[in-house]
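Listed below are the residues making up each chain.
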Amino acid sequence: MNKKLKQIVFVIVGVLLLNVFSHSFFKRFDLTKDKRYTLSNITTDLLDELETDLIVNVYLEGEFPSEFQRLQIETRQFLEELEAKNNNVRFRFVNPNDIGEELIKNGMAPSRLTVEEDGKLSEALIFPWAEIFYKNRTQKISLLPNTLVKTQEEQLENAVAALEHSFASGIQLITQKQPKTIALLSGIGQLEDIKMYSFLSALGEKYRLAKFTLDSVKEDPEKTLAQLKKFDVSIIAKPTKKITDQEKLTLDQYIMNGGKTLWMIDNLSADTDSLYNQGKMLAFPRDLNLTDLLFSYGVRVNNKLVQDLNAAKLTLASGNTGNQTQFENFSWFYHPLAIGNPNHPITKNTLPIRLRFATQLDTLQKNIKKTPLLISSILTKLSGTPKIIELESITNEPQQHEYGAGSQLLAVLLEGEFESAYRSRTKPFDAKQFIEKSSPNKMVVIADGDIGKNQLLKGKPYDLGVDKWTQERFGNKDFLVNTIDYLLDDTGLIDLKNKAVQLRILDKKRAYKEKSFWQLFNIALPISLLLLFGFVFNYLRKKKYR
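Here the structure is a predicted model, which is why all the values come from computation and not from measurement.

(A) Quick peek at the overall build of the chain. Within the chain, the secondary structure is distributed over 14 helices and 24 strands. Expressed along its principal axes, the backbone C-alpha trace of the chain runs to roughly 110 × 70 × 45 Å. Partitioning the intrachain contacts of the chain with sequence separation of at least 6 by distance along the chain shows that 77% fall at a separation of at least 24. Surface exposure of the chain reaches about 30,000 Å², of which carbon and sulfur atoms provide 52%. Taking the average place of the 73 positive charges on the side chains of the chain and the average place of its 66 negative ones, the gap between the two points comes to 7 Å.

(B) View of the layout of surface pockets. There is about 930 Å³ of room inside the second largest pocket. Lining the second largest pocket are 33 residues, with T272, D273, Y276, R356 and K453 sitting closest to its centre. Among the residues forming the lining of the second largest pocket, the class breakdown is nine nonpolar, 10 polar and 14 charged.

(C) Quick look at the sheet that holds strand 2 (residues 89-93). Overall, mixed pairing links the four strands, which are arranged 2-1-5-6 in an open sheet. The open sheet has two free edges, formed respectively by strand 2 and strand 6 (137-142), since each of these has just one partner strand. Each strand axis lies, on average, 20 degrees off the axis of its neighbour in the sheet, ignoring direction. Both strand 1 (residues 54-58) and strand 5 (residues 129-134) contribute to a ladder of four bridges, which runs antiparallel.

(D) Inspection of the nonpolar core at higher detail. Of all hydrophobic cores here, the largest spans 38 residues; its most connected members are L185, W263 and V445. Mapped by element, the contributors of at least two residues to this core are strand 7 (181-186), helix 8 (221-228), helix 9 (245-256), helix 11 (291-297), strand 13 (299-308), strand 21 (409-416) and strand 22 (441-446). Per-element tally for this core: the top contributor is helix 9, with five residues. By size, the runner-up hydrophobic cluster in this structure holds 37 residues, among which are L203, I235, L480 and I484.

(E) Representation of the packing of helix 2 (residues 41-48) against helix 6 (residues 163-175) within the structure. With their axes 10 Å apart at the nearest point, helix 2 and helix 6 run at an angle of 35 degrees to one another. Helix 2 and helix 6 meet at a crossing whose hand is left-handed. Contact with helix 2, carried on its side by T43, L46 and L47, involves E164, A168, I171 and Q172 of helix 6 and no other residues of that element. Class assignment for the residues of the contact of helix 2 with helix 6 results in four nonpolar, two polar and one charged.

(F) Representation of a nonpolar patch on the surface. Side chains of F517, W518, F521, L525 and L529 sit close together on the surface and give an oily, nonpolar patch of about 490 Å² of accessible area. Its relative accessible area of 37% is what places L525 among the partly exposed residues.

(G) Structural view of the packing of aromatic side chains. With the rule as written, the count across this model stands at eight aromatic pairs. Here the aromatic rings of F212 and F231 are separated by 5.9 Å at their centres, their planes lie at 75 degrees, and the arrangement is edge-to-face. In this pair, F212 sits in strand 8 (residues 208-213) while F231 sits in the loop between helix 8 and strand 9 (233-237), placing the two residues 19 residues apart along the sequence. As far as burial versus exposure is concerned, F212 and F231 are alike and both buried. An angle of 70 degrees between the planes, with centres 5.9 Å apart, marks the rings of F333 and Y403 as edge-to-face. In this pair, F333 is assigned in strand 15 (residues 324-340) and Y403 in the loop between strand 20 (387-390) and strand 21, connecting sequence segments 70 residues apart. This pair shows no difference in class: F333 is buried, exactly as Y403 is.

(H) Quick look at the packing of helix 7 (residues 197-204) against helix 12 (residues 476-488). Across the interface, helix 7 lies against helix 12 with an axial gap of 10 Å and an inter-helix angle of 40 degrees. Between helix 7 and helix 12, the interaxial angle falls into the category oblique. Crossing angle aside, the handedness with which helix 7 passes helix 12 is right-handed. Contacts from S198, F199, A202 and L203 in helix 7 reach K477, L480, V481 and I484 in helix 12. Considered class by class, the residues forming the contact of helix 7 with helix 12 number six nonpolar, one polar and one charged.

(I) The arrangement of the sheet that holds strand 17 (residues 359-363) in detail. Pairing within the open sheet is antiparallel, and its three strands lie in the order 17-13-19. Each having just a single partner strand, strand 17 and strand 19 (380-383) make up the two edges of the open sheet. Across the sheet, the mean angle from the axis of one strand to that of its neighbour is 50 degrees, orientation sign disregarded. Sheet topology places strand 13 next to strand 17; four bridges connect them, and they run antiparallel. When the sheet's bridge partners are listed, L305 is paired in strand 17 with T359.

(J) Inspection of the pattern of salt bridges at higher detail. Within the structure shown, the criterion is met by 22 salt bridges. Several salt bridges converge on common partners, so that one network encompasses D245, K248, D292 and R425.

Here is what the cut-offs are and how they apply
- Residues numbered from 1 in each chain as written.
- Predicted model: local features only at pLDDT ≥ 70, side-chain atom pairs only at ≥ 80, totals over all residues.
- Heavy atoms only, no water.
- Helix = DSSP H or I, 4+ residues; strand = E, 2+ residues; numbered from the N terminus.
- Contact = heavy atoms within 4.5 Å.
- Areas by Shrake-Rupley, 256 points an atom, 1.4 Å probe, with all protein chains shown as cover.
- Lys, Arg positive; Asp, Glu negative; His and termini not counted.
- Charge placed at Lys NZ, Arg CZ, Asp CG, Glu CD.
- 1 Å grid on protein atoms, 1.4 Å probe; cavity = no way out; pocket = protein on both sides within 12 Å on 5 of 7 lines; lining within 4 Å.
- Points joined across faces, edges and corners; volume = space filled by probe spheres on them.
- Nonpolar A, V, L, I, M, F, W, Y, C, P; charged D, E, K, R; others polar.
- Pairing = 2+ DSSP bridges.
- Axes fitted to C-alpha atoms, helices over the stretch in contact; angles between N-to-C directions.
- Core = buried A, V, L, I, M, F, W, Y, C linked by side-chain atoms within 4.5 Å.
- Buried < 20%, exposed > 50% of the residue type's maximum accessible area, 1.4 Å probe, protein only.
- Left-handed = near helix turned anticlockwise from the far one by under 90°.
- Patch = residues over 30% accessible without salt bridge, like charges linked within 9 Å, V, L, I, M, F, W, Y side chains within 5 Å.
- Salt bridge = Lys/Arg side-chain N within 4 Å of Asp/Glu carboxyl O.
- Phe/Tyr/Trp six-rings, centres within 6.5 Å; stacked < 30°, edge-to-face > 60°.
- Parallel < 35°, antiparallel > 145°, perpendicular 65-115°, else oblique.

Structure below.
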């Protein structure tokens, strides 16, 4: 009796010790092949900096397609990893049915999905969003980004792969004490604010924006340069005025002092109002006085106009039926659909980017890393300028043999130590702290000034990512926001976009076809095994005690 009592006491003490040990030493093991639940050092560092509770509301709750329940499960498991790393992280899943209108007002639009269940197609509405709350601040997180995919399964894979980047980026933005600053350069004939509203409003959710005029360079260039250096990145959005030598030196020294730049350059003047009103226009070179400046950094914006058979569409009136005007969509080869670099986080999985009257880029032999970001298709045609472009040519059948110029470079990322364009030249003003060579820096040059131009509908700005006539979706806004994110990223956070996962998803057609067999199999097999076990057990029991 004493021996049995000792064994019982030993087991109880062992269980208690094991329980205490398990609470003191907690460890989760990621056994997935793609390590989707293993947090990066960047995310871990962000979690370590949390000073108080970080609350996450996820609006993936309720009834929705089974395949997107997988996104709910993956999101929950990822948040459990964050919670396990830092108990300041707390999350909950909220059913959006009662607060759908409020979410839409806050910019969290629902996604309409086409779902195949039991061989039938149906539509479902979900809110693939999360909200982070930290110290009286909030940050929205999209859980279903717009990506270039062929199937919803691929879209789901991309969404799961983007979870860590999405949440880590949101945590970084909501916890940073001093937001990064962006200067939108003005006084150079740039795009109007209302025509860049969609792009700028997306940036305004992450960074601090301000207009910065270069007009003050005339009066006090040194003071202007000192003020410009306070900004982390500058956007040069479709300048139409000739840049003066003083302004060029100011921009040059801003770059030499570590300032990042996004160049959206139109080297051609193309008046689209004349095209629509008069049916034709003249495209001719525009002298911006930037050739030597960009040349010194390793890139040249040419005057060759790119026409591409892979192009966006224009909606034009094609006739009348009764009193109703009929409209038709035509491919407009002067608006190429650029293809993003699939191996770079700026352009990975982005939708095609629509350009308007773009020209080609050349890179030069300089000690600078050059990464192509946007290229045309191989079916292109290069046209010299000046050139008269007639709208009626849109109905002409293209001669494919004319479109053999091959892929053209339309946007490039430059990284490295840039040499000043005024290193061995006379300077237009006396720069007291002139720098000949920058520390490691980066810039992006795009051969189209209208890449960030949104359409207007009844005088109000329309979403940059959607065409108001055809409702075709483009990746312009995502590409530009990703570009700014990359230029301002000093931690490597955006590299998390390159994370890839592979989900094991059922073959829907086969599952539907073999549904009855597997239902019968799952019912009959357990019962058969149970009967077999009973028969064998009784047989052996009778044989033993007979």
